[in-house]
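# Structural description and commentary
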Amino acid sequence: MPLEIDASPGLRAVAARPPHADHHAHNHVHHRVGIASLGAILLAAYGSAAAQQPSQDNPLIEVIVTAQKTAQPASKTPLALSVLGGDDLRQSGATNAVALTELAPNVQISTDSGKLQVAIRGVVSLDTSEKGDSSTAFNVDGAYIGRSEAQLGSFLDLERIEVLRGPQGTLYGRNATAGAINLITNKPGKKLEGRIDTEIGDFGARRVEGMVNLPVNDTLALRAAAVKVRHDSYLKPGPNTVGLTDQDDTAARVHALLTFSPTTTWLLTAERSKAGGNGASSVPLTNFFTGTPIASGNNLANPVYVDRGADTQRTAAARYTDTGSYKDDVATSLRSELKTTLGDAVDVTWQFARLESRLNELNNGTYFGFPMYNPMFGDSTQRTHELRFNSAGAPRLSWVAGLYHYDEDIFRSSTFNTQTPGPLIVLPFTPTVHSRSKAAFGQLTYRVDPQLRVTFGARTTRDEKSGFDPLSGSLTGPGYTAHVASSKSNYRLAFDYDLRPAVMVYASLSTGYKAGGFNDTSGSAYLPENITSLEAGVKGRFLDNRLRLGAALFRYDYKDMQLTSVVCTGSTAATCGALTTNASNATIDGVEVEGTWQATADDRINFSLATADGKFKSYTPDGVADWSGQQIDRAPAYNASLGYAHTFMFDSGASVVAKVGTRLNGAYFLSDSASASRYRQPSYRKSDISVTYTAAAQKFYVQAFARNLENTITIDSLVPGGFGIGAPRTIGLRAGTQF
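Residues numbered from 1 in each chain as written. Predicted model: local features only at pLDDT ≥ 70, side-chain atom pairs only at ≥ 80, totals over all residues. Heavy atoms only, no water.

Our next topic: the packing of aromatic side chains. Tallying each qualifying case throughout the model produces 16 aromatic pairs. Ring geometry for Phe 416 against Phe 429: centres 6.2 Å apart, planes inclined by 90°, an arrangement best described as edge-to-face. Pair noted here: Phe 416 is in strand β25 (residues 397–418) and Phe 429 is in strand β26 (residues 426–429), with a separation of 13 residues, a long-range link. Since its relative accessible area comes to 28%, Phe 416 is described here as partly exposed. For Phe 429, a relative accessible area of 8% gives the class buried. Pairing Tyr 480 with Phe 518 gives two aromatic rings, centres 5.8 Å apart and planes at 55°, and the pair type is tilted. (Phe/Tyr/Trp six-rings, centres within 6.5 Å; stacked < 30°, edge-to-face > 60°. Helix = DSSP H or I, 4+ residues; strand = E, 2+ residues; numbered from the N terminus. Buried < 20%, exposed > 50% of the residue type's maximum accessible area, 1.4 Å probe, protein only.)

Okay, here's the thing in structure tokens:
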């Protein structure tokens, strides 16, 4: 669903939230219900289409998106898409991508040792090391961000975020089997303006973000933004004196926009972010589960969830080493985007980006039940080029075509060390990894008649990755040398049809693939994973444009799924390492419905409902346990959200907006396939509330808020011997002004 903009002066942008649901493939009853539900919505859409003229009283206005590499209304984009506005992101306290879990349905985002893990519709990559790649294409102003630790620092001065659900193999290419997340920043404008937002809260939370836009002359405009955000650890220290996971981040960005003519512009960007504070830490498995420790000490056999209460759940009860803890990760990006027009028929865009990422961390944890610390440092440099051609105007045949090149060099040095009491163990890694990807792509849309459009896209990609580590977990070697290469062609075929001017139905068949790779302990290779997706949906406006409704039904055929876990070949930690294998095929079915209802001029309701079913096919992870037909990881059986906002208007032009919202999430699994251990997070609810006063002409605002009123603590990531957890209940005040 598109971004909804409230025309009343008391409300800022409100992002409608589409649900995605993964519907159970083998459950034919559920599947028939999904088809029937979608059919009923299509009939309702057709029957109600007469009332499509925009209301004069608080119409819902949509936003233009660039999800398909060309500007088009979100409601006319034939794919599952969520759009979140920059004002809403600031006022909801979204300081990094993890917040999208609460703002976009069927999106599960967490961090593992400070690295981002994104699951969309149950598709996720858990390998956040230098040899791993995400399953979600993460882009800032069109520039791909390959390193997961560098994906946390660009949440400032955003115009919008586009969350694309489903494989995006045609326009976004490799490593987009789950989908794509596009961060679109605000660009320099022709008006002198500025803004500052601040926040204070419990857990020592402090945040300040500022922006200034400066038009220098008719040719040059500048825009600069900076943010500082921090909070104390959400973990209780237990027996520890060492610092635990917290946040102390800064980021800044400068845009320079050169306008040479109405059709020729050059945008230059410099951006730098720093993630500081303490290194990553976790809580023990036994904070949430009972069970028998497995020989390695890193997992529990037959774990059973026990609700021990929020205080116990967030206590770092395991004793860490007293070696200290810190994080000093820096990402520096330089980007260039040149746009021009050839004649009157073709728009040309050349994008270049260079990203340098420096990693410097000291993390704490446990291994085999003993304290272990992990110093890690290194750097990476990536360069991307994309040359793209778009048809200009609105001809019967519109198209986009382009060439893409990606090149990345990475060096890492890390050791896993234990201290007494316990065995003294040192596992050193010093890998060097080089990745390269080349692609050519194109997509065209043919307008068969004014109502019917047919879209076909294709992309061919060549990937290479090589690596070398003389140690690879051993003080004496021999290490590994590895090289993998793969080529893949993906396609997309879609139809969309206007039942009425404001009601569109669509259907698509698309594919995506994630590149293969190798393991850091042996150099053994694993294959690419592939997804084929069949999707049908409807997007429409009803009730005199007071109700915006969307629905989709999809089915995935998921082949050669890449799963990562820690594998020990012996009885000591010195024999352990991360292993990625092509573990299983799977099916994922889903049906989703979501919408926004402007009930009155002052009352708005946002809602979503999704069911999900993602199941392994034939699969025995350790050769003994049988997971065939079981739910795949990070794919909740359902999720739903309901939000209500009421605006109180004053004669002066000021307003007060009261909002309350809740999100229900079904149970999901975090698993270690090597030990055949499955940890089930039960279903839960998290609710938020806020009250915002906005002065006349929106000169300033003040907001009081509380998030996660239930104080629900969720397990978000699995590490050896422990969990990364979600945030507890937080409260605070926000305020901002603009000129």
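What follows continues from the structure just given.
With that out of the way, let us pick up the confidence of the model for the chain. With 90% of its residues at a pLDDT of 70 or more, the chain shows a mean pLDDT of 86. Element-level mean pLDDT values for the chain span from 34 in strand β2 (residues 14–15) up to 97 in helix α4 (residues 310–313). Note on residues 1–56: pLDDT under 50 across the span, and 187 contacts to partners over four residues away in sequence or across chains. (pLDDT = per-residue confidence, 0-100. Contact = heavy atoms within 4.5 Å.)

What follows deals with the side chain of Arg 388. Its location among the elements puts Arg 388 in strand β24 (residues 370–391). With a relative accessible area of 9%, Arg 388 lands in the buried category. A distance of 2.6 Å separates polar atoms of two side chains, one belonging to Arg 388 and the other to Glu 386. Residues within four places of Arg 388 in sequence aside, it is in contact with Lys 69, Asp 347, Val 348, Thr 349, Gln 351, Val 400, Ala 401, Gly 402 and Phe 441. (Polar contact = N/O pair within 3.5 Å; in protein donor to acceptor, adjacent residues only side chain to side chain.)

Here we come to the sheet that holds strand β44 (residues 722–725). Pairing is antiparallel in the open sheet, where three strands are placed in the order β18-β44-β43. The open sheet has two free edges, formed respectively by β18 (283–284) and β43 (715–719), since each of these has just one partner strand. (Pairing = 2+ DSSP bridges.)

Glancing now at the sheet that holds strand β6 (residues 81–85). Pairing is mixed across the open sheet formed by five strands, whose spatial order is β6-β11-β12-β9-β10. Of all strands in the sheet, those bounded by a partner on one side alone are β6 and β10 (143–144). Relative to β10, strand β9 (residues 136–140) is paired through two bridges, and the arrangement is antiparallel. Residue pairing for β10: Val 140 is matched across the bridge by Ala 143.

Phi is positive for Asp 141, close to 50°, though the residue is something other than glycine. Tracing the chain through its elements places Asp 141 in the loop between β9 and β10. Taking the relative accessible area as the measure of exposure, Asp 141 reaches 14% and is therefore buried. Its identity as a non-glycine residue notwithstanding, Leu 543 has a phi of 50°, on the positive side. Along the chain, Leu 543 falls in the loop between β33 (529–542) and β34 (547–568).

This part takes up the nonpolar core. Of all hydrophobic cores here, the largest spans 42 residues; its most connected members are Leu 89, Leu 100, Phe 138, Ile 161, Ile 181 and Leu 183. Of all elements in the fold, only α3 (100–103), β7 (107–112), β8 (115–120), β9, β11 (158–165), β12 (179–185), β34 and β35 (576–600) reach the threshold of two or more residues within this core. If one sorts the elements of this core by residue count, β34 sits on top with five residues. The contacts of Leu 89, once residues within four sequence positions are left out, are Leu 84, Ala 94, Leu 100, Leu 103, Leu 158 and Ile 161. Leu 285, Tyr 668, Ile 713 and Ile 715 belong to the second largest nonpolar core, which has 20 residues in total. (Core = buried A, V, L, I, M, F, W, Y, C linked by side-chain atoms within 4.5 Å.)

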